[in-house]
Structures are given as C-alpha cells and as structure tokens.
Amino acid sequence: MSNLTLASDPRDAAAVEAVEAHHTQLAGDLAGRVAILVEAADREPAAADRVRAELVAFCDRDLLAHAAAEEETLYPVAHDLPAARLLIDGMLAEHRRLAALVDALRTATSAVKAATEGRALQVLFEEHLEKENALVLPLLAGAPDISLSGLLAGMHELLGHGTEGEAATKGGGCGGACGCGGSDETEVPELDVREVPHSLRHATVFGAIAAVPSGQSMVLVAPHDPLPLLAQIEDRHPGAFAVEYLQRGPEAWRLLLTHR
C-alpha cells in the first residue's frame, strides 16, 4: 500500500506517510481476524460466533470509526476540489457498503455466512484504502492551499497511535518462547502468511492473535524464522504468548502460539 506522493509541504508528506502506515495496520488487523474466522468456520463452527463477535467489535471500534473520521475531516475538504468531487462521492458510497457488510457480519446466522461476509468486507476495505492512498491523499497533499497535517492534527482514528515500525526493527528472540506442548495442532487455526504482502504481514498476525482467547492456540506459518515479529508480539503482549517451533524451514517455519 505504498505510493509515491508529491506534497506541497514536508509536514503534509509526513502526514501522508502516517496515514498510509495506519491503513496498513488496519488492513492487516482485519485480514488476520478474518483469517481466524474462516478457519473457525471450517474447523470449529462452535467457536466461530465468538470470533465473529470480536471481529464486529473491531470493525465498530476501529474500521467504522476510521471511516467516520474521514467523513468529518478529509472528505469535505477533498470534495471541494473539482478533480476529486466524483471520487469522494464514490468513496462515501463505499463507506455505506462497508457499514452494510459489518451489519451483515453482525447478524450472520451461520459460521459459513459470517466467514463469507467477513471476506467480502476485507476485500472491499483493502480496495478502498488503496484508492485513498493512491488518489485522495495525493490530491490533498498536493494542493497548496490545503494543510493536510493541520487537518489531521490529533486524529488518532486516521493517524494511528504510534510506533509500529520501532518494534519491528528490534532484533533478538521472542521473549516468551518456550516448548509449551500439550496442544493438539490439528485443533487450532492456522495462519499462513507466506502469500500475504510483506507490508501487511505483521499487522495480519497481530489481528489474528487478537482473536485467540486465553488458553487457546494458533499455528503461524512463515517464510523465514520470524524473530523480529516474535519480539514485537512480546513487546505488545509481555509474557502473554508461549511459542513452540513445530518446523524450522527450509521452505516454511511453523510455530504454535499459545495464549497463556
């Protein structure tokens, strides 16, 4: 989701980078939660209702709040730009479809239906964010009479809360790694991130582990030994996850993450 944006002010360029980083976080978080829902619908339908409820809560708290913040701050200003008027009308219509999909997920009457609605929500949201990154933000940042950084000042719903990249650069072990044993790998959901775009990979895992309740596990499949990711999980959730390596390469690393 990275785009080259020409901004009229260095502060606006920094604001664009912050919004794009938050978009990556939201998209990955949603993808991880949807992946766990799909796994639950396939392997353990009885657990899917809890996963669905947590996904709906995330959408209400973060995804729809993000959309509402855009409608309050960015979209009215962008709509006044002749080149963006029809684009913003379309983006507003997509917000209505996103809200409708969240409601469909909220009222889904079966695990399979919930998984279908969740996946549709994920696809539309990722496409929507790509338009914001590639079209809306460059128009606002490039307009000399608009201060994008001023519009976004203090808007946590649009800028996020901080330091995703800092933890990602830390090396070392996983902190909470151990051979926990005692879990049946076939009974836990599996998240394979090898095909997930690199920019979304960590956020996808964070979304997935957020859906794992205490006392349960998930299997993470990665293309390499995910030591930086494990360190970041430990930074976010100190001592909360035990880690057991099930496979150490060469083509895949499989780890059992157990929420203590």
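Placed above this text is the structure.
Throughout what follows, the structure given in this document is the object of discussion. (Residues numbered from 1 in each chain as written. Predicted model: local features only at pLDDT ≥ 70, side-chain atom pairs only at ≥ 80, totals over all residues. Heavy atoms only, no water.)

### What about the sheet that holds strand β1 (residues 190–192)?
- With respect to topology, four strands assemble into an open sheet ordered β1-β2-β4-β3, the strand pairing being mixed. Pairing within the sheet leaves two strands with one partner each, and these edge strands are β1 and β3 (241–248). Neighbour-to-neighbour, the strand axes of the sheet open up by a mean angle of 20 degrees, direction not taken into account.
- In this sheet, strand β2 (residues 217–222) lies alongside β1 in parallel orientation, the contact comprising three bridges. Its bridge partner being in β2, Glu 190 is matched across the sheet by Val 219.
- The strands touched by helix α10 (residues 227–236) are β2, β3 and β4 (253–259); relative to β3, the strand with the most contacts, the crossing angle is about 165 degrees. (Pairing = 2+ DSSP bridges. Helix = DSSP H or I, 4+ residues; strand = E, 2+ residues; numbered from the N terminus. Axes fitted to C-alpha atoms, helices over the stretch in contact; angles between N-to-C directions. Contact = heavy atoms within 4.5 Å.)

### Quick look at the pattern of salt bridges
- Per the counting criterion, the structure on display carries 13 salt bridges.
- Here Asp 62 makes a salt bridge to Arg 61, at a shortest N to O gap of 3.2 Å.
- Under the relative-accessibility criterion, Asp 62 is labelled partly exposed at 25%.
- The exposure class of Arg 61 is partly exposed, given its relative accessible area of 49%.
- The partner of Glu 190 in a salt bridge is Arg 254, and the shortest N-O contact between them spans 2.7 Å. One end of the pair, Glu 190, is in strand β1; the other, Arg 254, is in strand β4, with 64 residues separating them in the sequence.
- On the accessibility criterion, Glu 190 (27% relative accessible area) is partly exposed.
- Under the relative-accessibility criterion, Arg 254 is labelled buried at 15%.
- In this structure, a network of salt bridges that share partners links the residues Asp 60, Asp 103 and Arg 106. (Salt bridge = Lys/Arg side-chain N within 4 Å of Asp/Glu carboxyl O. Buried < 20%, exposed > 50% of the residue type's maximum accessible area, 1.4 Å probe, protein only.)

### Thoughts on the packing of helix α2 (residues 45–72) against helix α4 (residues 85–106)
- Look at α2 against α4: their axes get within 10 Å of each other, and the N-to-C directions meet at 165 degrees. The orientation of α2 relative to α4 falls into the category roughly antiparallel. As α2 packs across α4, the resulting crossing turns out to be left-handed. From α2, Arg 52, Leu 55, Val 56, Cys 59, Asp 60, Leu 64, Ala 67, Glu 70 and Glu 71 reach across to α4, where they touch Leu 92, His 95, Arg 96, Ala 99, Val 102, Leu 105 and Arg 106.
- Residue composition of the contact of α2 with α4, grouped by class: nine nonpolar, one polar and six charged. (Parallel < 35°, antiparallel > 145°, perpendicular 65-115°, else oblique. Left-handed = near helix turned anticlockwise from the far one by under 90°. Nonpolar A, V, L, I, M, F, W, Y, C, P; charged D, E, K, R; others polar.)

### What to know about the pairing of β2
- Counting buried residues in β2 gives six out of six residues, a clear majority hidden from the surface.
- Every second residue of β2 is oriented toward a common face, with Ser 217, Val 219 and Val 221 on one face and Met 218, Leu 220 and Ala 222 on the other, all of them buried.
- Crossover handedness for the path β1 to helix α9 (residues 198–210) to β2: right-handed.
- As defined by bridge partners, β2 adjoins β4 across six bridges and the pair is classed as antiparallel. Paired with Val 221 across the strands is Arg 254, a residue of β4. (Right-handed = clockwise from strand over helix to strand, strands pointing away.)

### Details of the nonpolar core
- Grouped together as the largest cluster of nonpolar side chains are 49 residues, with contacts concentrated most on Leu 30, Met 218, Ile 233 and Leu 257.
- Looking at which element gives the most residues to this core, the answer is helix α1 (residues 10–43), with eight residues.
- The contacts of Leu 30, once residues within four sequence positions are left out, are Leu 55, Phe 58, Cys 59, Leu 63, Leu 121, Gln 122 and Phe 125.
- Membership of the second largest hydrophobic core comes to 21 residues, among which are Val 16, Ile 88, Val 136 and Leu 158. (Core = buried A, V, L, I, M, F, W, Y, C linked by side-chain atoms within 4.5 Å.)

By themselves, these figures tell us nothing about what the structure is for.
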